[in-house]
Amino acid sequence: MPLVTTEATVLKTYEYSETSKILRLLTRDLGLCSVIAKGARRPKSRFGGLLEPFTDGEATFYAKEGRELHTLSGFELHRERQALGRELVRYAGAGLLSEIVLRFAPAAADDELFFQLRRGLDHLVEENGDLEIVILQQAWQLIERLGFAPSIDRCTLCGAGIVGDEDCFFDLGGGGAICARCRTRTSGLSLRPLKPRARAELIGLLSPRPPLPAARRLETAPAQRDLLRDFIAYHLADHRPLNSFRFLEERLR
Ligand SMILES: [Zn+2]
């Protein structure tokens, strides 16, 4: 039963029994892990109030071979993000980023994903501009890191480049844009129009450099929300929207 110490971010917590908590962690060395923090809900727990969602630290636990739940023995705080809890949109956005990782991260550790999530949560804490831009941007970039980014520069059917002012369509099933010419020979239930403005803003959300300045607002925010929600549902979540997305949409309305 080796003792493991690894950097970790708390994604989600569950109460367990009268006194304990179960934590879902993204760890740097072991990827996603579940640990039980025994006694964490007692008033004088040695974990104090550290074990809250979106907290970074160094977790030490006994990794039991063949078991899915390990026993946490220590957690050294590196960064708490309690500021997220003071504003519902920030909190909802952090919940979405966490759920994307929780549901879709690969079994193996992934350094880039690990640090990208942390950067995303930091952006959400610090951003003074339009939070929706930051949330959509960070969510798309996690999806890109997970290997599911849509292709929107070229038609996914004929390969033709799509120019700026061209009306095109987004094919949820095909995972990208299709041109108006190909639209006429496709009968997809998962097609939706992608207007030039919405496509331009989607490109801005997808490419980290240069990022869309959060100082301005998205002109096509409702369309971007719908697209991200439906894309995740279609590609990753068995056609069901993520719970965290519903919560976020209610906050943004
Ligand atoms: Zn085409």
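For the structure itself, look to the data block above.
Residues numbered from 1 in each chain as written. Predicted model: local features only at pLDDT ≥ 70, side-chain atom pairs only at ≥ 80, totals over all residues. Heavy atoms only, no water.

**Student:** Mind showing me how you'd approach the coordination of the zinc ion here?
**Tutor:** Octahedral metal centres with six donors ideally show angles of 90 or 180 degrees, and tetrahedral centres with four donors ideally show 109.5 degrees. Around the zinc ion, the donor atoms from the protein are Cys155 (SG), Cys158 (SG), Cys179 (SG) and Cys182 (SG), and they sit 2.3 to 2.4 Å away. Around the zinc ion sit 4 donor atoms, and with donor-metal-donor angles ranging over 104 to 115 degrees the site reads as tetrahedral. Positions of the donor residues of the zinc ion, expressed as sequence spacing, correspond to C-x2-C-x20-C-x2-C. Residue Cys158 is found in the loop between helix H3 (131-145) and strand E6 (168-171), and its partner Cys179 is found in strand E7 (residues 176-179); the two are separated by 21 residues along the sequence. Here Cys179 falls in the buried class, since its relative accessible area comes to 0%. (Donors = N, O, S within 2.8 Å, 3.2 Å for Na, K, Ca; no water. Tetrahedral: all angles 85-135°; square planar, octahedral: opposite > 155°, others 65-115°. Helix = DSSP H or I, 4+ residues; strand = E, 2+ residues; numbered from the N terminus. Buried < 20%, exposed > 50% of the residue type's maximum accessible area, 1.4 Å probe, protein only.)

**Student:** I tried to follow empty space enclosed by the protein on my own but got confused; where do I start?
**Tutor:** A water-sized probe rolled over the atoms picks out the places where empty space is left. For the structure on display, the rule yields 1 cavity of 30 Å³ or more. The space that makes up the largest cavity amounts to roughly 40 Å³. The wall of the largest cavity is formed by Leu26, Thr27, Gly31, Leu32, Ala105, Pro106, Ala108, Ala109, Asp110 and Leu113. For the lining of the largest cavity, the secondary structure elements donating two or more residues are strand E2 (20-27) and strand E3 (31-37). A per-class count over the lining of the largest cavity returns 7 nonpolar, 2 polar and 1 charged. The two domains that each donate at least three residues to the lining of the largest cavity are domain 1 (3-80) and domain 2 (83-149 + 193-252). (1 Å grid on protein atoms, 1.4 Å probe; cavity = no way out; pocket = protein on both sides within 12 Å on 5 of 7 lines; lining within 4 Å. Points joined across faces, edges and corners; volume = space filled by probe spheres on them. Nonpolar A, V, L, I, M, F, W, Y, C, P; charged D, E, K, R; others polar. Domains from an automatic or database assignment.)

**Student:** I would appreciate a short explanation of the sheet that holds E7 in the present structure.
**Tutor:** Backbone hydrogen bonds hold the strands of a sheet together, and the pairing may be parallel or antiparallel. With antiparallel pairing, the 3 strands of this open sheet are ordered in space as E7-E6-E8. Each edge of the open sheet is held by one strand with a lone partner, namely E7 and strand E8 (191-194). Across this sheet, the average inter-strand angle for adjacent strands is 40 degrees, counted without regard to direction. Here E6 pairs with E7 via 4 bridges, running antiparallel. Pairing of Phe169 across the sheet is with Ile178, part of E7. (Pairing = 2+ DSSP bridges. Axes fitted to C-alpha atoms, helices over the stretch in contact; angles between N-to-C directions.)

**Student:** It is not clear to me how the pattern of salt bridges should be interpreted in this structure. Could you clarify?
**Tutor:** Where charged atoms of side chains with opposite charge meet at close range, the side chains can pair. In total, this model carries 23 salt bridges according to the counting rule given. Note that Arg28 is salt-bridged to Asp111, the shortest N-O span being 2.9 Å. Highlighted residues: Arg28 in the loop between E2 and E3 and Asp111 in helix H2 (residues 111-126), separated in sequence by 83 residues. On the basis of relative accessibility, which here comes to 28%, the residue Arg28 falls in the partly exposed class. Of the charged contacts in the structure, one is a salt bridge between Arg197 and Glu219, with a shortest N-O distance of 3.3 Å. Pair noted here: Arg197 is in helix H5 (residues 196-206) and Glu219 is in the loop between H5 and helix H6 (221-235), with a separation of 22 residues, a long-range link. A relative accessible area of 56% places Glu219 in the exposed class. Shared partners join several salt bridges into a network, and the residues in it are Glu7, Arg28, Asp56, Arg79, Arg81, Asp111, Arg118, Asp122 and Glu126. (Salt bridge = Lys/Arg side-chain N within 4 Å of Asp/Glu carboxyl O.)

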